[in-house]
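The chain contents come next:
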Amino acid sequence: MDYDVTVIGAGAIGCALAREVSQRYPSLKIAVIDGAGAPAAHQSGRNSGVAHSGFNPAPGTLKARLCVEGNRLIRDYCREKRVAFQDVGTVVAALTVVEEERLHGLLQRGRANGVPGVELRTLAQARELEPNLADGIRLVLHSPSGAIFDSRAYVMAMAEDAKAAGVTFRFNTRVVGADRLSAGWRLILDDGTLLDTTRVVNAAGVHVDEVARLFSWQGPYRIVPFRGRYWNVKGKDDIIRSMVYPTPDPHFPFLGVHVTRRIHGGVMLGPNAMLAFGREAYSFWKVQPKDVLGMVRARNFWQMMRRPDIIRLAAVEIERSLSPRKFAAEAARLVKGIGPEDVAPGPPAGIRAQLVDEHGELCEDFLLQVEGDVCHILNAVSPGLTSSMAFGRYLTEHLKERNFLSA
Ligand SMILES: Cc1cc2nc3c(=O)[nH]c(=O)nc-3n(C[C@H](O)[C@H](O)[C@H](O)COP(=O)(O)OP(=O)(O)OC[C@H]3O[C@@H](n4cnc5c(N)ncnc54)[C@H](O)[C@@H]3O)c2cc1C
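Residues numbered from 1 in each chain as written. Predicted model: local features only at pLDDT ≥ 70, side-chain atom pairs only at ≥ 80, totals over all residues. Heavy atoms only, no water.

Draft legend 1. Layout of unusual backbone geometry. Residue Pro-271 is reached from Gly-270 by a cis peptide bond, and omega for that bond is -5 degrees. In this structure, Pro-271 sits in the loop between strand E17 (267-270) and strand E18 (274-275). At the junction of Ser-382 and Pro-383, the peptide bond is cis and its omega measures out at 5 degrees in the coordinates. Structurally, the position occupied by Pro-383 is in the loop between strand E22 (374-379) and helix H11 (384-401). The backbone phi angle of Ala-40 is positive, close to 65 degrees, even though this residue is not glycine. Following the sequence through the fold, Ala-40 ends up in the loop between strand E2 (30-33) and strand E3 (50-51). (Helix = DSSP H or I, 4+ residues; strand = E, 2+ residues; numbered from the N terminus.)

And the structure:
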């Protein structure tokens with residue numbers, strides 16, 4: 001055997017797991033394989049760079065637990081590794097009576113999830129923190145443990161730790177096939193290399209279901225890619241001090257277009273959540289025919305598209321994707337002083353690996369599945385970055401209990 005454990009995917013989840021397992025089980029031979037040239041090339045490096053505090057996920061879910069724990073771990077780790085990290089706090093604004101009620105619900109969730117210091121404030125009280133909050137805001141939720149950080153540097157640091165503990169990283173090579181051996185798997189890489197491994201962890205992000213099928217997985221899920229694009233607010237770096245979010249719509253797992261300080265300076269708007277015509281279709285006009293064909297052949301996709309709220313979302317998102325005016329108008333409902341003339345193209349878009357079940361429901365919670373000697377991380381959507389270190393720890397325990405980590 002070439003390796004005891006092979007991780008497919010060097011994003012935040014793959015690197016956090018490789019780091020944790022290699023440090024706890026130094027005798028295991030571990031490899032991480034990624035089709036890109038470096039860690040964090042996809043979701044883990046193309047995101048908002050926010051360490052969420054954990055008041056959004058429903059209490060009792062894996063997401064709630066790992067987000068709150070992850071927020072704590074990530075802040076200590078970034079300090080230790082000198083990765084840029086700033087405690088700025090999160091502000092969520094309610095603009096209607098219905099949203100006010102939802103904010104009360106989020107407060108309860110935050111308290112149930114153990115989020116430190118979460119509280120409601122009137123607009124006047126909230127302006128002590130964020131003087132430019134817009135006039136129409138009725139109520140604000142403030143969560144001091146929301147933070148911003150350099151997500152790419154964070155994942156790189158975890159990859160370096162894993163390397164130092166003996167993990168082999170292979171970049172620029174994709175896993176394109178897998179043959180069953182009497183014990184373990186022979187992985188087929190796109191450069192023709194064959195690699196024998198006793199166990200596999202599939203942390204392939206937006207490709208996770210495709211990769212799972214290489215291992216004869218027949219789960220009822222499918223990834224549907226949702227692109228999130230950003231705009232910068234030009235020349236108004238002091239317009240906010242923290243991050244200002246709209247009250248989330250409980251029908252969707254997306255947080256809505258928000259105004260966020262960037263860790264290396266500047267303020268950005270986004271991300272939106274536009275159905276993408278390809279798993280790596282990072283621009284509006286990019287279409288990846290194979291992915292589109294796969295998507296429209298899947299029952300999950302059509303079940304999802306039957307939902308009127310999804311159709312409504314799609315219509316709004318097409319407009320948002322093409323119109324910086326729309327972004328600016330939405331941002332101006334949260335923060336005073338942002339006009340269409342202030343908005344310029346922002347950091348690279350990212351694509352969310354959103355798992356959809358056979359009924360067309362967008363899966364909310366993190367989901368993993370162990371089938372013998374293969375583990376698939378099926379749903380690691382936002383706040384997957386915040387949760388990644390806690391996810392690495394949780395997964396290591398989970399795999400240990402299933403004798404997955406014996407040499
Ligand atoms: C626009 C956007 C904003 C977000 N903002 C936040 C945020 O502020 N805070 C937060 O907590 N979360 C955020 N998220 C979510 C977060 O980015 C993800 O939950 C997290 O990065 C998932 O990490 P991952 O390792 O599962 O996936 P990825 O980072 O996508 O990694 C998967 C890796 O697998 C590799 N791969 C795929 N197929 C193969 C193959 N066949 N062979 C070899 N390698 C393969 C890919 O190259 C990739 O590097 C955001 C996501 C998006 C898209």
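From this point, the discussion proceeds with the structure in view.
Draft legend 2. Representation of the sheet that holds E18. An order of E18-E13-E20 is seen for the three strands of this open sheet, with the pairing classed as antiparallel. The outermost strands of the open sheet, each flanked by one partner alone, are E18 and strand E20 (350-356). Relative to E20, strand E13 (residues 222-228) runs antiparallel, the two being bridged by seven bridges. Among the inter-strand pairings, Arg-222 is bridged to a residue of E20, identified as Val-356. (Pairing = 2+ DSSP bridges.)

Draft legend 3. Examining the nonpolar core more closely. Counting residues in each nonpolar core, the largest one holds 49 residues, and the members touching the most others are Tyr-154, Val-201 and Ile-377. For this core, the secondary structure elements donating two or more residues are strand E1 (3-8), helix H1 (12-24), E2, helix H2 (62-81), strand E8 (147-149), helix H5 (151-164), E22 and H11. Dropping the residues within four chain positions of it, Ile-377 is found in contact with Ile-13, Val-201, Asn-202, Ala-203, Val-208, Leu-367, Leu-368, Phe-391 and Leu-395. Leu-133, Trp-231, Val-257 and Phe-327 belong to the second largest nonpolar core, which has 25 residues in total. (Core = buried A, V, L, I, M, F, W, Y, C linked by side-chain atoms within 4.5 Å. Buried < 20%, exposed > 50% of the residue type's maximum accessible area, 1.4 Å probe, protein only. Contact = heavy atoms within 4.5 Å.)

Draft legend 4. Quick look at the packing of H2 against H11. Relative orientation of the contacting elements H2 and H11 amounts to 100 degrees, with a least axis distance of 6 Å. Compared by their axis directions, H2 and H11 come out roughly perpendicular. Contacts between H2 and H11 involve Leu-62, Arg-65, Leu-66, Cys-67, Glu-69, Gly-70, Asn-71, Leu-73, Ile-74 and Tyr-77 from the first element and Leu-385, Thr-386, Ser-387, Met-389, Ala-390, Phe-391, Arg-393 and Tyr-394 from the second. In terms of residue class, the contact of H2 with H11 is made up of eleven nonpolar, four polar and three charged. (Axes fitted to C-alpha atoms, helices over the stretch in contact; angles between N-to-C directions. Parallel < 35°, antiparallel > 145°, perpendicular 65-115°, else oblique. Nonpolar A, V, L, I, M, F, W, Y, C, P; charged D, E, K, R; others polar.)

Draft legend 5. Quick peek at the packing of aromatic side chains. Taken as a whole, this structure holds nine aromatic pairs when the rule is applied. For the ring pair Phe-169 and Phe-171, a centre distance of 5.8 Å and an interplane angle of 20 degrees mean the geometry is stacked. Among the residues examined, Phe-171 registers a relative accessible area of 22% and is labelled partly exposed. The rings of Tyr-77, Phe-85, Phe-149 and Tyr-154 are connected pair by pair, giving a single aromatic cluster. Lying across the ring of Tyr-3, Lys-29 places its NZ or CZ 5.6 Å from the centre. One cation-aromatic arrangement involves Arg-46 over Tyr-282; the distance from NZ or CZ to the ring centre is 3.6 Å. (Phe/Tyr/Trp six-rings, centres within 6.5 Å; stacked < 30°, edge-to-face > 60°. Lys NZ or Arg CZ within 6 Å of the ring centre and 35° of its normal.)

Draft legend 6. Examining the sheet that holds strand E16 (residues 258-261) more closely. As summarised here, the arrangement of the eight strands in space is E6-E7-E5-E15-E16-E17-E14-E19, forming an open sheet in which the pairing is mixed. Across the chains shown, the open sheet's two edge strands, defined by having one partner strand only, are strand E6 (119-121) and strand E19 (343-345). Adjacent strand axes in the sheet meet at a mean angle of 30 degrees when their direction is disregarded. Of the strand pairs in this sheet, E6 and strand E7 (residues 139-143) are connected by three bridges, and their pairing is antiparallel. Counted as the bridge partner of Glu-119 is His-142 from E7. Strands strand E5 (90-94), E6 and E7 of the sheet are contacted by helix H3 (residues 97-113), whose axis makes an angle of about 25 degrees with E7. Helix H10 (residues 324-332) contacts strand E14 (231-233), E16, E17 and E19 of the sheet and is inclined by roughly 105 degrees relative to E17.

Draft legend 7. Up close: H10. Every buried residue of H10 is listed here: Phe-327, Ala-328, Glu-330 and Ala-331. Down the axis of H10, the buried set is contained in an arc of 165 degrees. They therefore lie on one face. Looking at the packing, one finds that the buried side of H10 touches E14, E16, E17, helix H9 (308-322) and E19. (Arc of directions from axis to C-beta.)

Draft legend 8. Up close: the domain arrangement of the protein chain. Splitting the protein chain by domain gives domain 1 (1-86 + 147-221 + 363-407) and domain 2 (224-237 + 272-362). Summarising the inter-unit geometry, the C-alpha centres of domain 1 and domain 2 are found 25 Å apart. Residue-level contacts link 19 residues of domain 1 with 21 residues of domain 2. Taking both sides of the interface into account, the surface hidden between domain 1 and domain 2 amounts to around 1,700 Å²; carbon and sulfur atoms contribute 51%. Taken as a group, Arg-46, Val-206 and Cys-363 account for 37% of the area that domain 1 buries against domain 2, more than any other trio of residues on that side. Here domain 1 and domain 2 share three salt bridges between them. Among the salt bridges present, the one from Arg-279 reaches Glu-210, with a minimum N-O distance of 3.4 Å. Seen at the junction of domain 1 and domain 2, the total is 15 residue pairs in polar contact (both at pLDDT 80 or more). Every element with two or more residues in the side of domain 1 that touches domain 2 is listed here: helix H6 (208-214) and E22. For the side of domain 1 that touches domain 2, the class distribution of residues is seven nonpolar, seven polar and five charged. (Domains from an automatic or database assignment. Buried area = accessible area lost by both parts, 1.4 Å probe. Salt bridge = Lys/Arg side-chain N within 4 Å of Asp/Glu carboxyl O. Polar contact = N/O pair within 3.5 Å; in protein donor to acceptor, adjacent residues only side chain to side chain.)

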